[in-house]
Amino acid sequence: MKVTVIGSGYVGLVSGACLAELGNDVVCLDVDPGKIALLHEGGIPIYEPGLQELIQINVASGRLRFTTDVDESVAHGLVQIIAVGTPPDEHGSADLQYVMAAAHAIGSTMNEYKVIVNKSTVPVGTAEKVRLAVQQKLDARGLKTAFSLVSNPEFLKEGVAIDDFNRPDRIVIGADDERAIQIMRDLYAPFQRNHERLMVMDIKSAELTKYAANAMLATRISFMNELANLAEKVGADIERVRKGIGADQRIGYHFLYSGCGYGGSCFPKDIQALQRTGEEHGMPMKILHAVEEVNRAQKNVLLQKITARFGDNLEGKRFALWGLAFKPGTNDMREAPSRALMEGLWARGAHVTAHDPVAMKETLRLYGDRHTLRYADTPLDALHGADALIIVTEWKAFKSPDFSIIKQRLKYPVIFDGRNLFEPSSVATQGIEYHGIGRYSSVA
């Protein structure tokens, strides 16, 4: 099938490369010439494990190519997938300018039937806006060309996006005509061989499903973080509580880990956008407001533990920081808990030496070359001259360190663990003071 993907960012590149790998003829469009030039040179503008190699293989096979030419891209694909960004606007709503620009481009250029598929995360009702925008352009051109609208939200996790695309839990298709539904069934047929994964529903339900999924996951995280804070107050251990409630099949173990807050490109903006949708319809989303408030406060929990231990004036103190990205497997620093932590430490006079397997370049881009932030080539190198160690991202490389070296290199043998990577009693036996989230603080 000939497929056009509009937007060569995270969702667009993963979707385009994976669809090309299945044998489809894919063109990825982007209006940023620099991004397309980078892709033509064999690079990629984002970090995602395995994606660069997958793109190179499919470009070499002729199944995947990149362009800035709108006419070429619209003419190419029977299926036109809109996969552009929808960042929050000043009011917290999803900014639809790039989605609408894609709709206008399709309507201004198409000359035959197209299935217009929205993969961008958008508020309920966006498909109707896209339909109207395309139709207005066709009317202005005096054409009666037919087209179909489909909502096909993505459920990709950064760091494992290729696997998520190739082994989906479900494929949500929102459509109101059988022709479009059949084309989407044909496109996703390779994923259907083992069992039925396609869930066909009306367009508005599909649009809401994406927001509902992210809101539910964020809610679980904030619930566990608030419970972890209570566990500390009453002398309980949140890890034991997690296992106790996770054993209930109605609850399960997924997304029950407490920590220093969520971040990234999806949860924060989607929670805000869904709240805004509720407000527009006279229905305040009270639970989501609480989820957001809890997460905002949780990003300060590590800083509170540090100041409780070392005092509010941190002049002359240096902290080793393991992890910068908002989660492992990505270089994404958007809304990352590390940012709130570092900025809080700097405001109190502290310096930071940080290590992250992939996000240090992105951090340098965000903060520039500042004397209060150094970068270390390895986790253990970050410990030199540091007063204590702080863990913010649960990279695998951090999970089994040599505690004897940690104790030897730190001025004070203290670990603040924002992801509960270690068992407090085990760390204590190494002669190290340990502060987790919702766990017993251990003093060596």
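In this text the structure is predicted, and so the values were computed from the model without any measurement. (Residues numbered from 1 in each chain as written. Predicted model: local features only at pLDDT ≥ 70, side-chain atom pairs only at ≥ 80, totals over all residues. Heavy atoms only, no water.)

1. Details of the sheet that holds strand β8 (residues 198–201)
Move 1: Read across the open sheet, the eight strands follow the order β3-β2-β1-β4-β5-β6-β7-β8; overall the sheet is mixed. At either end of the open sheet lies a strand with only one pairing partner, and these are β3 (64–67) and β8. Across this sheet, the average inter-strand angle for adjacent strands is 25°, counted without regard to direction.
Move 2: With five bridges joining them, strand β1 (residues 2–6) and strand β2 (residues 25–29) adopt parallel strand pairing. Paired with isoleucine 6 across the two strands is leucine 29, which belongs to β2.
Move 3: Contacts from helix α5 (residues 97–109) reach β1, β4 (79–82) and β5 (114–118) within the one sheet, and its direction differs from that of β4 by about 160°. (Pairing = 2+ DSSP bridges. Helix = DSSP H or I, 4+ residues; strand = E, 2+ residues; numbered from the N terminus. Axes fitted to C-alpha atoms, helices over the stretch in contact; angles between N-to-C directions. Contact = heavy atoms within 4.5 Å.)

2. A few points about the packing of helix α9 (residues 203–234) against helix α12 (residues 286–298)
Move 1: Between α9 and α12, the shortest axis-to-axis distance is 9 Å and the interhelical angle comes to 55°. The angle between α9 and α12 places the two elements in the oblique class. Taken as a pair, α9 and α12 cross one another with a handedness that is left-handed. Between α9, through Ala215, Ala218, Thr219, Ser222, Asn225, Glu226 and Asn229, and α12, the contact on the second element is made entirely by Ile287, Leu288, Val291, Val294, Asn295 and Gln298. (Parallel < 35°, antiparallel > 145°, perpendicular 65-115°, else oblique. Left-handed = near helix turned anticlockwise from the far one by under 90°.)

3. A word on the nonpolar core
Move 1: Counting 42 residues, the largest nonpolar core has Ile55 and Tyr188 as the members making the most contacts within it.
Move 2: No other element matches the eight residues that helix α1 (residues 10–21) contributes to this core.
Move 3: Beyond its immediate sequence surroundings of up to four residues, isoleucine 55 is in contact with Leu13, Ala17, Leu39, Ile44, Leu64 and Phe66.
Move 4: Counting 36 residues, the second-largest nonpolar core is a separate cluster that includes Ala231, Leu302, Phe310 and Ile437. (Core = buried A, V, L, I, M, F, W, Y, C linked by side-chain atoms within 4.5 Å. Buried < 20%, exposed > 50% of the residue type's maximum accessible area, 1.4 Å probe, protein only.)

4. Description of the packing of aromatic side chains
Move 1: Taken as a whole and assessed by the stated rule, the structure comprises eleven aromatic pairs.
Move 2: Between phenylalanine 165 and phenylalanine 191 the ring centres are 5.8 Å apart and the planes differ by 75°, which places this aromatic pair in the edge-to-face class. With phenylalanine 165 in helix α7 (residues 161–166) and phenylalanine 191 in the loop between α8 (178–187) and β8, the pair connects residues that are 26 residues apart, well separated along the chain.
Move 3: The exposure class assigned to phenylalanine 191 is buried, which follows from its relative accessible area of 5%.
Move 4: Ring-pair connections join several aromatic residues into one group, and the members of that group are Phe310, Phe319, Tyr412 and Phe416.
Move 5: The ring of phenylalanine 155 carries the charged tip of arginine 170 above its face, separated from the ring centre by 3.7 Å. (Phe/Tyr/Trp six-rings, centres within 6.5 Å; stacked < 30°, edge-to-face > 60°. Lys NZ or Arg CZ within 6 Å of the ring centre and 35° of its normal.)

5. Brief notes about the sheet that holds strand β9 (residues 318–322)
Move 1: Here we have six strands laid out as an open sheet, ordered β11-β10-β9-β12-β13-β14, and parallel in their pairing. Of all the strands in the sheet, just β11 (373–375) and β14 (433–435) have a single pairing partner and so form its edges. Between one strand and the next, the sheet's axes are offset by a mean angle of 20°, whatever the strand orientation.
Move 2: Bridging between strand β12 (residues 388–391) and strand β13 (residues 414–417) involves three bridges; their strand directions are parallel. In the strand pairing of β13, isoleucine 390 is matched with phenylalanine 416.
Move 3: Along the sheet, helix α14 (residues 337–347) contacts β9, β10 (351–355), β11 and β12; its crossing angle with β9, the most-contacted strand, is approximately 175°.
Move 4: Packed onto the sheet, helix α15 (residues 360–367) meets β10 and β11 and runs at close to 155° relative to β11.

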